[in-house]
Structure formats: structure tokens, C-alpha cells
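Coordinate inspection notes
The primary structure of each chain is shown beneath.
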Amino acid sequence: QKEVEQNSGPLSVPEGAIASLNCTYSDRVSQSFFWYRQYSGKSPELIMSIYSNGDKEDGRFTAQLNKASQYVSLLIRDSQPSDSATYLCAVNSQGAQKLVFGQGTRLTINP
Amino acid sequence: DAGVTQSPTHLIKTRGQQVTLRCSPKSGHDTVSWYQQALGQGPQFIFQYYEEEERQRGNFPDRFSGHQFPNYSSELNVNALLLGDSALYLCASSLAATGPQYFGPGTRLTVT
């Protein structure tokens, strides 16, 4: 079992709709959770961090964390073509310095 | 506010050669982590430096080594390059080991 799993996609969403990206992780002591956006040929850009159960909203982005289910998600409201990218889920475990990444979900927003 | 910088942007090396990649952290950050990203995959952790010491290492051979300088900048060295070392090498900086990590633009290494 991979430490962090994401559906590789591609996920295709019409412009203006809600894009939902999902991630599961295996280490129950994980404490910090991050979503990165990576455009083709570029480096990952941090867009959301979440540390406690529940929802965290930042503009059009909402991160959701459920530690009991070992599940973290990212919702993108009013999706724009500029949101087309690969979204990486990353997890940091207690006492560990490293981020463990999923393989990423490729998202395409169709005009 | 200067972000994370890396040099060089691109590099082409031959098998068996050695390479050094450089990273300057974001202003105010004291911790540098290095990652390797193969095409179509998520970044893989190589190691992290804090207070000029390697604090944690991922599953990479000893051919991969690093250093952190007193000004918090860092180098990644790879010896005896293999074709499989071709990848995007990413440097990320943070304030403390478990703070959010911010990535630099990366160095694209091609080994021929």
C-alpha cells in the first residue's frame, strides 16, 4: 500500500463547476497535510495546508480533513481554465521532516 | 520577498560524472529539503538540512550527499551519475522542520 494515494486522473471538469480532488494516506500519526498545484514544466506551488479535522477555506479552495478515515480532499469552486494543472497531496508525519507525496491528479477545466 | 532560488535551471551530464546543484532558501527560512521528481510522479524526499546538519534522509544511496552553509543555503551533490538520475531536482525551504515547505523552480538534470 502506498503511503499517500491519489487518483492519477485525468479529471475533466467544465468551467464554473466544482472540482473535487481526493487523497488517502496510510500513516495514522500524520499531522500536517498540504495541497500543491504543479503546472506542466514548473515546480509545485503550495496552495493549501490543513492540520485539524474539518474544513479550511481560502478563496475558491476548500481543504477537508478526516483523520479517522485518513482522508483529505480539495474542492475548487467556480473552476477556471487556469486551474488546469496537476494537484499533489502531501503528508507530514509527527516527528518526521519529510513530506510524502501522492503521484498527483491531473485536472483539466474545459471552457 | 525573495522566494526559493535554485541553480542551474538545466544541466546535461554524462554517466559517471558528478554534479552539484545549489539552493537558496526563502528569506527567513532556516530549513532546506531536497526532492527528486521523475516524470509523472510526485516528488521523492532525498534529505533535509537544518543547522548545517542532515536531519533526515530518504531512500537514496550514498551517491547523493548534501551540505548546508551558515547562511542556510544548500547544495546537493550526486556522484557517479546513472541514467536513472535524470529528473527534476527540487529544493524546498521552511521555517523549522515541519513548517510548510515552499519549492524553488527546480533543476532539470539529464544524464546521457
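See the structure above.
Computed from a predicted structure; not experimentally measured.

All names here are of chain B. By the element assignment, T20 lies in strand β3 (residues 19-24). At 3.0 Å, the side chain of T20 forms a polar contact with the side chain of Q18. A polar atom in the side chain of T20 sits 2.6 Å from the side chain of N77. For T20, the contacting residues outside a window of four places in its chain are P8, E75, L76 and N77.

Cis geometry is found at the peptide bond from G9 of chain A to P10 of chain A, where omega equals 10°. Residue P8 of chain B is reached from S7 of chain B by a cis peptide bond, and omega for that bond is -10°. As for its position among the elements, P8 of chain B is in the loop between β1 (5-7) and β2 (10-13). Positive phi is not limited to glycine here, since Y72 of chain B has a value of about 80°. Relative to the helices and strands, Y72 of chain B is located in the loop between β7 (64-68) and β8 (74-78). You can call Y72 of chain B partly exposed: its relative accessible area is 40%.

Residue and element names in this part refer to chain A. The antiparallel open sheet is built from five strands, whose spatial order is β1-β3-β8-β7-β6. The two strands at the open ends of the sheet, each matched to only one other strand, are β1 (4-6) and β6 (54-58). Between one strand and the next, the sheet's axes are offset by a mean angle of 20°, whatever the strand orientation. Direction of pairing for strand β7 (residues 61-66) relative to strand β8 (residues 71-76): antiparallel, over a ladder of six bridges. Bridging from a neighbouring strand, Q64 pairs with S73 of β8.

Turning to the nonpolar core, a few remarks are in order. One finds W35, V72, L74, I76 and Y87 of chain A to be the most contacted residues of the largest nonpolar core, which totals 24 residues. If you list the elements that add at least two residues to this core, you get β3 (19-25), β4 (30-38), β5 (45-50), β7, β8, β9 (85-93) and β11 (105-110) of chain A. Apart from the residues lying within four places of it in its own chain, the contact partners of I76 of chain A are A17, I18, A19, L21, R60, F61, D83, Y87 and L107 of chain A. With 20 residues, the next largest nonpolar core counts L21, C23, Y49 and L76 of chain B among its residues.

So, how was this worked out
Residues numbered from 1 in each chain as written. Chains lettered and ligands numbered in written order. Predicted model: local features only at pLDDT ≥ 70, side-chain atom pairs only at ≥ 80, totals over all residues. Heavy atoms only, no water. Helix = DSSP H or I, 4+ residues; strand = E, 2+ residues; numbered from the N terminus. Polar contact = N/O pair within 3.5 Å; in protein donor to acceptor, adjacent residues only side chain to side chain. Contact = heavy atoms within 4.5 Å. Buried < 20%, exposed > 50% of the residue type's maximum accessible area, 1.4 Å probe, protein only. Pairing = 2+ DSSP bridges. Axes fitted to C-alpha atoms, helices over the stretch in contact; angles between N-to-C directions. Core = buried A, V, L, I, M, F, W, Y, C linked by side-chain atoms within 4.5 Å.

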